[in-house]
Amino acid sequence: MATVRLREIAHARSGDKGRDAMVSIIPWERRHYALLARVLTPERIKAHCGGLVRGDVVRYDAPALGAFNVLLKDALGGGVTRTLMLDIHGKALSCLLLDMTIELPEAP
Amino acid sequence: MTARPFRIGTGAAYSEDRIDPGVDMAARGDLDYLVFECLAERTLALAQVRRLRQGPGFDPWLEERFRQIVPVALARGTRIVSNMGAADPAGAADRAAAVLREQGVRGVRIAALEGDDLLPRLDALDLVVTETGLPLRALPGRIVSANAHIGAQGLVQALGLGAQVVLGGRVSDPALYLACLRHAHGWAADDWPRIGAGIAVGHLLECGALVTGGFYADPPYKVVPDLAAAGFPLAEVAPDGTAVITKLEGTGGLVTPDIVLEQILHEVHDPAAYITPDAVADFSAARVDAAGRDRVRVSGVTARPWPRQLKVSVGVHEGFIGEGEISYAGSGAVDRARLAGEVVRQRLEMRKADLDELQVDLIGLDAVHGPATPAWAPAPYELRLRVAGRARTETAATMVGDEVESLYVWGPVGGGGARKTVRPIVAVYSSLVPRERVETRLTWRES
């Protein structure tokens with residue numbers, strides 16, 4: 001067992017869609033896809049965001065691409081055009097999720 | 001004649017995007033088409049506000065691009081497609097023709113695509129706001145813009161009629177690229193696999209540097225060579241829709257399958273159902289393969305028929321945001337900044353500032369990730385207090401920055417570098433309109 005930050009085994013990009021934010025999460029190696037599909041649950045992602053995400057978290061899986069797309073509903077304080085948040089587009093949210101801790105069955 | 005891949009490149013990916021990579025792309029791209037995608041959610045509403053104030057409703061950078069980039073492209077037989085028309089495509093076409101003439105570029109056929117602007121017809125359309133479920137007229141603020149997101153059809157028609165430059169308004173971003181490919185390869189509007197492929201090309205290129213190494217570097221995990229000299233992307237698109245995404249030799253940045261994957265998912269909800277006016281594209285089974293240095297082949301995208309309704313973006317004047325910032329440094333900085341924030345909060349209450357929402361952040365501590373900031377985050381040496389408030393009136397919004405600035409005299413010790421701003425809010429809501437109720441038309445100019 002090894003505990004790593006998600007950043008060690010995946011990369012990500014985030015952006016806005018109206019009031020929602022989107023974060024893609026892409027494992028560097030396909031062998032980690034199934035593990036991430038198991039542990040990156042919407043509940044766990046929402047808990048990691050600690051109140052920043054007011055709505056639901058929806059995870060779309062694209063196994064053929066080896067990627068996940070995570071929808072964070074109502075995560076931008078009312079949307080790009082009226083939010084008081086500093087990061088109005090949620091551009092920095094990918095870096096928040098990449099700091100999640102992941103238990104690997106073996107060394108990365 | 002054997003079918004060959006067409007070359008389509010990016011000249012801009014947002015209104016204020018860099019000019020010099022666009023000039024380079026126009027000069028060395030050997031392009032059939034050069035596309036400028038310049039509208040964001042808010043850009044169009046702001047353009048409409050300018051137009052209502054008798055200013056230009058088209059993109060503020062249109063003239064600069066028609067001076068520096070477009071003549072270079074036209075001289076090489078490259079056609080131009082853009083949504084720089086923003087709130088006034090006809091005005092944009094007039095100005096573009098005049099700017100080209102001023103430089104001695106004559107005889108260029110320019111088409112303006114209109115019909116996305118629904119503002120004059122709102123009463124008849126009876127739209128419902130998606131976010132609230134209520135009729136448009138129930139919104140509290142004044143409506144300043146309403147534009148349908150239209151597809152590629154009008155652009156394809158303009159290119160078919162010989163336009164060398166086509167300027168539209170709220171054309172959906174990928175449709176700008178799809179239109180070129182439909183015209184080049186003669187794809188039918190319901191040739192779904194190819195339409196899907198064209199949407200994917202548009203989606204990958206419309207954000208410009210995001211697919212050539214921009215917004216990717218994260219050293220030492222993700223290293224991008226010569227980031228400052230990164231260029232715009234281009235695609236070589238075969239008649240079957242298979243595309244190679246690449247960049248110009250000698251530019252910085254890089255194009256890799258990992259970057260293309262990040263971008264194919266970027267700001268898409270369900271990768272299996274990317275909704276555009278031209279089709280619902282399915283990226284979920286796409287193949288993304290390395291095809292040489294800085295070359296990535298994309299294939300296997302499919303699509304389903306277009307949605308029966310078009311998205312409408314509605315811009316609404318909703319008051320003002322007032323903001324103020326001031327810095328604290330050295331021992332005790334966090335405590336002093338917190339105290340300062342509390343003083344501002346109390347002062348705004350004492351003055352009965354009529355604010356709908358107030359936010360107090362400590363930049364350097366927890367301003368970006370807010371409540372999600374982890375407990376292990378180290379304490380900063382210096383930080384910046386930021387207070388932002390939203391109000392119906394400019395007077396109330398102005399109090400926010402004023403109270404931050406007055407910390408120079410009335411706050412804790414050591415506050416420096418105060419700044420304040422007030423800006424009007426144009427909030428953007430969405431709605432849907434049956435597609436048959438939106439009719440586009442072309443008008444023509446010659447330089």
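This structure is a prediction, so every number in the text was calculated from the model and none was measured.

Q: An account of the interface of chain B and chain A is needed here, citing residue identities and associated values.
A: Facing 51 residues of chain B, the contacting portion of chain A comprises 44 residues. Contact with chain A buries area across many residues of chain B, yet Tyr221(B), Glu267(B) and His269(B) alone supply 17% of it, more than any other trio. Summed over the shared surface of chain B and chain A, the result is 3 salt bridges. Here Arg13(A) makes a salt bridge to Glu262(B), at a shortest N to O gap of 2.8 Å. Inspection of the region where chain B meets chain A yields 16 residue pairs in polar contact (both at pLDDT 80 or more). Taken together, the elements giving at least two residues each to the side of chain B that touches chain A come down to helix H2 (41–52), helix H10 (257–264), strand E14 (309–329), strand E15 (355–363), strand E16 (382–391) and strand E17 (416–434) of chain B. In terms of residues, the side of chain B that touches chain A owes the most to one element, H10(B), which gives 6 residues. Here the residues of the side of chain B that touches chain A are counted per class, giving 30 nonpolar, 8 polar and 13 charged.

Q: Break down the packing of helix H7 (residues 153–160) of chain B against helix H8 (residues 173–185) of chain B for me, citing the residues and quoting the values.
A: Residues and elements named next belong to chain B. Relative orientation of the contacting elements H7 and H8 amounts to 40°, with a least axis distance of 8 Å. Between H7 and H8, the crossing angle belongs to the class labelled oblique. Classified by chirality, the crossing of H8 by H7 is right-handed. Listed contacts from H8 to Gln153, Leu155, Val156, Leu159 and Gly160 of H7 are Ala175, Leu176, Ala179, Cys180, Arg182 and His183.

Procedures and definitions
Residues numbered from 1 in each chain as written. Chains lettered and ligands numbered in written order. Predicted model: local features only at pLDDT ≥ 70, side-chain atom pairs only at ≥ 80, totals over all residues. Heavy atoms only, no water. Contact = heavy atoms within 4.5 Å. Buried area = accessible area lost by both parts, 1.4 Å probe. Salt bridge = Lys/Arg side-chain N within 4 Å of Asp/Glu carboxyl O. Polar contact = N/O pair within 3.5 Å; in protein donor to acceptor, adjacent residues only side chain to side chain. Helix = DSSP H or I, 4+ residues; strand = E, 2+ residues; numbered from the N terminus. Nonpolar A, V, L, I, M, F, W, Y, C, P; charged D, E, K, R; others polar. Axes fitted to C-alpha atoms, helices over the stretch in contact; angles between N-to-C directions. Parallel < 35°, antiparallel > 145°, perpendicular 65-115°, else oblique. Left-handed = near helix turned anticlockwise from the far one by under 90°.

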